[in-house]
Every structure is written in C-alpha cells, then in structure tokens.
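# Fold and contact review
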Number of protein chains: 2
Amino acid sequence: MAMREVDLVRRIRQLAEAQPPNQSILTGIGDDCAVIRPPADREMVFTTDFVIENRHFESATHKAADVGHKALARSLSDLAAMGAKPLFCLVSLAVPSKLGNAWVAGFYRGLLELATHHGVTLAGGDLASTYIIVADVMCCGTVAPGMAMLRSAARPGDHIYVTGELGGSALGFELRRGPAWMRHLRPQPRIELGIALAEEGIAACMDLSDGLSLDLQRLCVESKVSAHLTGVLPIANDASYQQALHGGEDYELLFTTPKPMPAEIAGARVTAIGEIVEGLPSEVMWKGKPLPAMGFDHFRDV
Amino acid sequence: MAMREVDLVRRIRQLAEAQPPNQSILTGIGDDCAVIRPPADREMVFTTDFVIENRHFESATHKAADVGHKALARSLSDLAAMGAKPLFCLVSLAVPSKLGNAWVAGFYRGLLELATHHGVTLAGGDLASTYIIVADVMCCGTVAPGMAMLRSAARPGDHIYVTGELGGSALGFELRRGPAWMRHLRPQPRIELGIALAEEGIAACMDLSDGLSLDLQRLCVESKVSAHLTGVLPIANDASYQQALHGGEDYELLFTTPKPMPAEIAGARVTAIGEIVEGLPSEVMWKGKPLPAMGFDHFRDV
C-alpha cells in the first residue's frame, strides 16, 4: 500500500500522544524541533544508536514490533550504563516503501510499549524511504550532578562486577528458540539497576552490547588500566564460556568499585568477576592469559 | 583499506577535540552517553535529520565533505527555524566499509567545519557499516523561555515572509554547475537570522526544506489556517516560478507576523509573499487559485 509522509506522521503522532503526559516536553512531534524544559538541578545524558537490517537484525526473524523494541532498548541500555533516568527520545526511521504503513505502525508500537514502561516520551524524529530498514534512536536521560557513571572512572584495586548472566543472547541467536531467543529478541535495558548503582555511588560503568571481552577492553582503554578476570563468570543456562566472554547483546551492566557489593541489587544478580590493576591500558587477562577482544566490531568482518 | 571501529572512533575523537572548548559538554565522545550541563534559564530544542545516499545526495556528485556539511546543515536549519542558538550534535554514520577511512574522515571534516562555524560541539554518535551511506544528525540548541518559533503560531491577519531567494537549489540540481549548484551542494543554515527573528518576537516560523508549496501547507495545517500568496516571490537568478514554488532544499526561513518587517534582517533579504487567512486548514492559494503541494514527500514516488 502506498504511503504518504503526512499520513505516517499523523499516525505516529497519535501513538505518541497516547503516552502519559510529560511536563518536560513543551512541544513534541509536529514542529521543526522538539522543545524541552531542562530538569532543575540535573545533568542530562544523550546517546544515539543504529539498528540496521542485516546488521543488527534480520527481517525473517524480527517482526516490526521486535525491531522497534530493540531500537529503543539499545539506547536505553546506554542510559542505564550512566545511571540515568530516561526522559525523551527522537526516532529516525528509514524503510523501503514496499513495507507499508502496517510495518511502520508495528515498529512504533513495539518501541512505544518499551518507552512508556520506562517513562520515555517520543518527542520527534525523522522519516525517510530507502532500500533497507535503518532506525537511529536518540535517547535523553537525567542524572544528579556529578553522578553519571563513566567508562573512564575505573581505578586499580576496584573489583569488577557484572549484572545478571552472560551469553544468553548469543545462545539465543544460535538456537533461534526458547527463553534464550526471547532474550535476544527482546533485550531488557537495566534502567532501575543503573539508577540504583549511581545512587550507591558507583563511578565506573558501561553496558555490555558487543561482548565482555571487547567492552571490558574499551573500559580499560578509557580508564588507562588493565583488568584481571578470575575465571568466574555468571553464565546463562546452556550458554558456553565463549558465548559469555565474547557474545554480544546481553545488555547487562559492567561496573567497577572498591566497595564489596551485595549479591543482588534492584532484583538483579551481581557477580564479582575480577579486579582492575595497573598495567597496559586495554589489557584484559583471563585466568592469567591475555584475553583477545573478539566481540562485535562493525568494520572487522566486512 | 580495512577499517576498525576503534581506529575510526579515535580519529573522529581527535577531530572533535580540536574544536573550541564548550563548557556545557561535561563528557563528550568515548562514553556510553554524552553528559551535558543544561544552560541556565534557557529552553532546549532538539531535531534529527537523515541524509541518505541516492535520496538526499549522490556519491557521483557529492564528495565526503559535502555530505558531512549537508548532514549537519539540515539539522541546523531546523534549529534556525526555532530561533535557537546551536549547542551540540550527535552524529550517526553508517557507510559501506569499502569507502575506507579517508571517506569517513572527509565526512567529519566537512561536518566539523560547519559545526565550528556555528559553535556546535560534536559530543557523540554511532558508527556502523551497511550497503549505502546513511547519516543521521541530532542537533541541540537553546532558546529564551517561551521564545521558540513554532509552526502552530500563525494567525489570520499575519503577513507571510520568506528570507533570501527561492528556487536556487532546485535550479542548481538541474544545472549541476555555477553558483546555483554551490547553493545546492553547500546549503547555509540561517542561524543568525533565526536568532534575530526570535529576538524580534516572531512567533511562527519554519525552514523551507521540501519546497514552499508543501512547507507552507504544513505550517497552515499546524496553525489551522489558510494562506493567500500574492504572486510576488523572491526568485533566485535564472530559477523558474515552478522551482521557487515547489523546489526543495533552499533552507530559507518562512515566517508570519502581524508586524511589517524591514526589507533586510541580519544581512538577509526579507520579502512579504502573502497573508494568513481564516479558512480550510492546509489550503494555500496562489494568485486566487489553490496551489497544489508538490514539494518533496519521501513516500510519494517510491
């Protein structure tokens, strides 16, 4: 069915206007820009993430609502890594016009279900037609001044922790069925947990989107430290060590702190997996040997 | 040449760190999110715009730096339409890996030249590989509280004005040479002019990205009014009436106000082209006859 931009925008706007009111949004969809009243006594954090057909998902396995969910979940996971409370998002979506209005509406339904759950208002975006599906979701959140958790704040002597379990998404991607597949298909950003960690005073955190080995290396680079992993990992049911070490898209949080942590925070399992040490920035040791960073790099295999 | 994401990010970060310091940016490129200190006593405006290969530009005619310039210019033009002062941007870029590092560096050079000119700090973004070039630029600016110019603020009795001249970009697209082509290739967002209009107290404004006939219709829809054009248009040298009425990408400003305006504001020509009247929302009359909205609709011809 042929689409017209004006009809699509009207439909998306109706869906957005059905969201709960947000007093920070002075002007939402329908103008050249969204107008936002900045929250008093907070800093603001901003992230943007692509979800691209055949890179981040396949149309054969992902319905429109799954793609919408994942597009927002990726950005929300970055907010969680800072300890931020979500505020609003802008959504850019390019689709082949043959997909039709129903696909676009399904995408926004999936996205808005997750958005409303986490208090994120859809405040604007862009629409275009192209040959493959490309979504880019910009998400804004707020944190108490000076309390944003950073990749650069890990210090020698810190314990390294991960939340939840690792490897489940990679296992799901392999199996294409069962709870592991649902975990891959519908990742749940750790928003409440991130906020709880920031309130605990945790300084260094990032989310695990491209695999522990690559993401921990990135944290070490930014903090100019090395990491020693002990060999203990919270591995998802039936997943392998390889999947837990290198598999992407678990969207758990990786954080470091000199304080010992309880085994559970905000309902999530928290596991100590190693220690930050002085050394070559970027070096990650696994059971005493250098761990190659084998997580997902967009430009390595293409 | 094969690209690695880490090398690309490092190169982009070096380019961004060569920009003038911006005290609002507490954490820029390199973390999960950018951290921003909101400006005191200002509202914030946000926009995001795609620039997609074979939709918004062609690789045969647009060098990497031209694409980078255009990607930011489109978003900055939306800021200009609100009367906002630019603050920072996030840039999402997906490219075929065969393009190589030089293309990506050229894109960011073109983008950052325009960014630095307008005081916009590159604070983050995303990188991915795909089959065609897709850029999505999110731009944030600030306005005095209550002073953002809106599409919805046009009132019956307002004069309709446009800045500069119309049709030049469409002519350039046809000719592919001369000053009109440069105008198409390197659009200049009307930032200073937009700020001056907001300070004048202008309430209703939008930028002309998809052509006067379609964009004025959009303004009328949001303001629930009709528009009567007089037949007078500031037409670019050698451009046709059709190009001035329906050609996109002039990135001039369209605004309405009950006050008579001087012939020049902030160095730009300002021309009265008609009047806002009560009537069917969305109707635009040209010399007494309905003007079809023939500007660019992403989903009409595909």
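Note that this is a predicted model, so its numbers are computed, not measured.

On a plain count of helices and strands, chain A comes out with eight helices and 14 strands. Computed over its C-alpha atoms, the radius of gyration of chain A comes to 20 Å, within 12% of the 19 Å expected for a compact globule of 302 residues. C-alpha extents for chain A along the principal axes are approximately 60 × 45 × 30 Å. Per-residue burial over chain A gives 64% buried out of 302 residues. Contacts spanning at least 24 positions in sequence make up 86% of the contacts within chain A whose residues lie at least 6 apart. For chain A, the exposed surface amounts to about 11,500 Å²; the carbon and sulfur share of it is 52%.

Next up on the list: unusual backbone geometry. Residue and element names in this part refer to chain A. Positive phi values are uncommon outside glycine, yet D41 reaches one of about 55 degrees. Its relative accessible area of 69% is what places D41 among the exposed residues. You will see that K224, though not glycine, has its phi angle at about 55 degrees, which is positive. Here K224 lies in the loop between α7 (212-223) and β9 (226-229).

On to the interface of chain B and chain A. Facing 68 residues of chain B, the contacting portion of chain A comprises 68 residues. In total, about 5,400 Å² of surface goes out of reach between chain B and chain A, with carbon and sulfur atoms giving 58% of it. Our count for the chain B to chain A interface comes out at four salt bridges. Here A:E222 and B:R13 are joined by a salt bridge, their closest N and O atoms 2.7 Å apart. One can count 20 residue pairs in polar contact (both at pLDDT 80 or more) joining chain B with chain A.

Let us now look at the confidence of the model for chain A. On average, chain A scores 94 in pLDDT, and the residues at 70 or more come to 97%. Reported confidence for the predicted complex is 0.95 by ipTM and 0.96 by pTM.

Turning next to the relation of the copies chain B and chain A. Overlay of chain B on chain A (RMSD 0.0 Å): rotation 180 degrees, translation along the axis 0.0 Å. What the rotation and shift describe, once combined, is the action of a two-fold rotation axis. Among all C-alpha atoms of chain B, that of B:P38 lies closest to the rotation axis, at 3.2 Å. A symmetric contact is evident, with 100% of the interface residues of chain B recurring at the interface of chain A.

The subject of this paragraph is helix α6 (residues 191-200) of chain A. Residue and element names in this part refer to chain A. Restricting attention to buried positions, one finds in α6 the residues I191, L193, G194, A196, L197 and A198. Close packing links the buried residues of α6 with α2 (64-82), β4 (85-95), β7 (159-163), β10 (253-257), β11 (264-265) and β12 (268-277). Residue G201 follows α6 closely and has a positive phi angle near 90 degrees.

All names here are of chain A. Where helix α4 (residues 168-175) is concerned, the buried positions are G168, S169, A170, L171 and G172. Those residues of α4 that are buried lie in contact with α5 (178-185) and α8 (241-246). Two residues or fewer after α4 comes R176, characterised by a positive phi angle close to 60 degrees.

In this section: the side chain of B:H62. Residues and elements named next belong to chain B. Of note, H62 is situated in the loop between β3 (43-52) and α2 (64-82). Looking at H62, its side chain comes within polar contact range of the side chain of T61, at 3.0 Å. Apart from the residues within four sequence positions on either side, H62 is in contact with F57, V67, W181, H184 and L185.

Taken in spatial order, the six strands line up as β1(A)-β2(A)-β3(B)-β6(B)-β4(B)-β5(B) in an open sheet, and their pairing is mixed. Of all the strands in the sheet, the pair left with one neighbour each is β1 (25-27) of chain A together with β5 (121-129) of chain B. The mean inter-strand angle of the sheet, taken between neighbouring strand axes irrespective of direction, is 20 degrees.

Bringing the packing of α2(A) against helix α3 (residues 100-117) of chain A into the picture now. Residue and element names in this part refer to chain A. Remark: α2 packs on α3, axes separated minimally by 6 Å, with the N-to-C direction vectors making an angle of 40 degrees. Classed by the angle they form, the pair α2 and α3 counts as oblique. Once α2 is placed against α3, the crossing between them reads as right-handed. Of the residues in α3, those touching α2 at A64, A65, V67, G68, H69, A71, L72, A73 and L76 are W103, G106, F107, G110, L111, L114 and A115. For the contact of α2 with α3, the per-class residue count stands at twelve nonpolar, four polar and no charged.

Before going further, it helps to spend a moment on the packing of aromatic side chains. Residues and elements named next belong to chain A. Inspection of the entire model under this criterion finds eleven aromatic pairs over all chains. Between Y161 and F255 the ring centres are 5.3 Å apart and the planes differ by 15 degrees, which places this aromatic pair in the stacked class. Separated by 94 residues along the polypeptide, Y161 in strand β7 and F255 in strand β10 bring together distant segments of the chain. Both residues of the pair, Y161 and F255, count as buried.

In this section: the environment of B:D238. Residues and elements named next belong to chain B. Note that D238 resides in the loop between β9 (226-229) and α8 (241-246). Spatially, the C-alpha atom of D238 lies 32 Å from that of T48, the residues being 190 residues apart in sequence. Those residues within four positions of D238 in sequence are excluded, and the remaining contacts are L171 and Q243.

It is worth spelling out the nonpolar core at this point. Counting 57 residues, the largest nonpolar core has A:L72, A:L93, A:W103, A:F107, A:Y108 and A:L122 as the members making the most contacts within it. The element that contributes the greatest number of residues to this core is α2(A), accounting for ten residues. The residues touching A:F107, leaving out its near neighbours within four places in the chain, are A:A64, A:A65, A:V67, A:G68, A:A71, A:V91, A:L93 and A:A135. In terms of nonpolar packing, the next biggest core, distinct from the first, is built from 56 residues, B:A81, B:L114, B:A148 and B:A268 among them.

With respect to topology, six strands assemble into an open sheet ordered β5(A)-β4(A)-β6(A)-β3(A)-β2(B)-β1(B), the strand pairing being mixed. Looking at strand neighbours, the two that pair on one side only are β5 (121-129) of chain A together with β1 (25-27) of chain B, the edges of this open sheet. For this sheet the average axis-to-axis angle between neighbouring strands, irrespective of direction, equals 20 degrees. With eight bridges connecting them, β4(A) and β5(A) associate as parallel partners.

Cut-offs applied
- Residues numbered from 1 in each chain as written.
- Chains lettered and ligands numbered in written order.
- Predicted model: local features only at pLDDT ≥ 70, side-chain atom pairs only at ≥ 80, totals over all residues.
- Heavy atoms only, no water.
- Helix = DSSP H or I, 4+ residues; strand = E, 2+ residues; numbered from the N terminus.
- Rg over C-alpha atoms; globule rule 2.2 N^0.38 Å.
- Buried < 20%, exposed > 50% of the residue type's maximum accessible area, 1.4 Å probe, protein only.
- Contact = heavy atoms within 4.5 Å.
- Areas by Shrake-Rupley, 256 points an atom, 1.4 Å probe, with all protein chains shown as cover.
- Buried area = accessible area lost by both parts, 1.4 Å probe.
- Salt bridge = Lys/Arg side-chain N within 4 Å of Asp/Glu carboxyl O.
- Polar contact = N/O pair within 3.5 Å; in protein donor to acceptor, adjacent residues only side chain to side chain.
- pLDDT = per-residue confidence, 0-100.
- Least-squares fit on C-alpha atoms with pLDDT ≥ 70 in both.
- Pairing = 2+ DSSP bridges.
- Axes fitted to C-alpha atoms, helices over the stretch in contact; angles between N-to-C directions.
- Parallel < 35°, antiparallel > 145°, perpendicular 65-115°, else oblique.
- Left-handed = near helix turned anticlockwise from the far one by under 90°.
- Nonpolar A, V, L, I, M, F, W, Y, C, P; charged D, E, K, R; others polar.
- Phe/Tyr/Trp six-rings, centres within 6.5 Å; stacked < 30°, edge-to-face > 60°.
- Core = buried A, V, L, I, M, F, W, Y, C linked by side-chain atoms within 4.5 Å.

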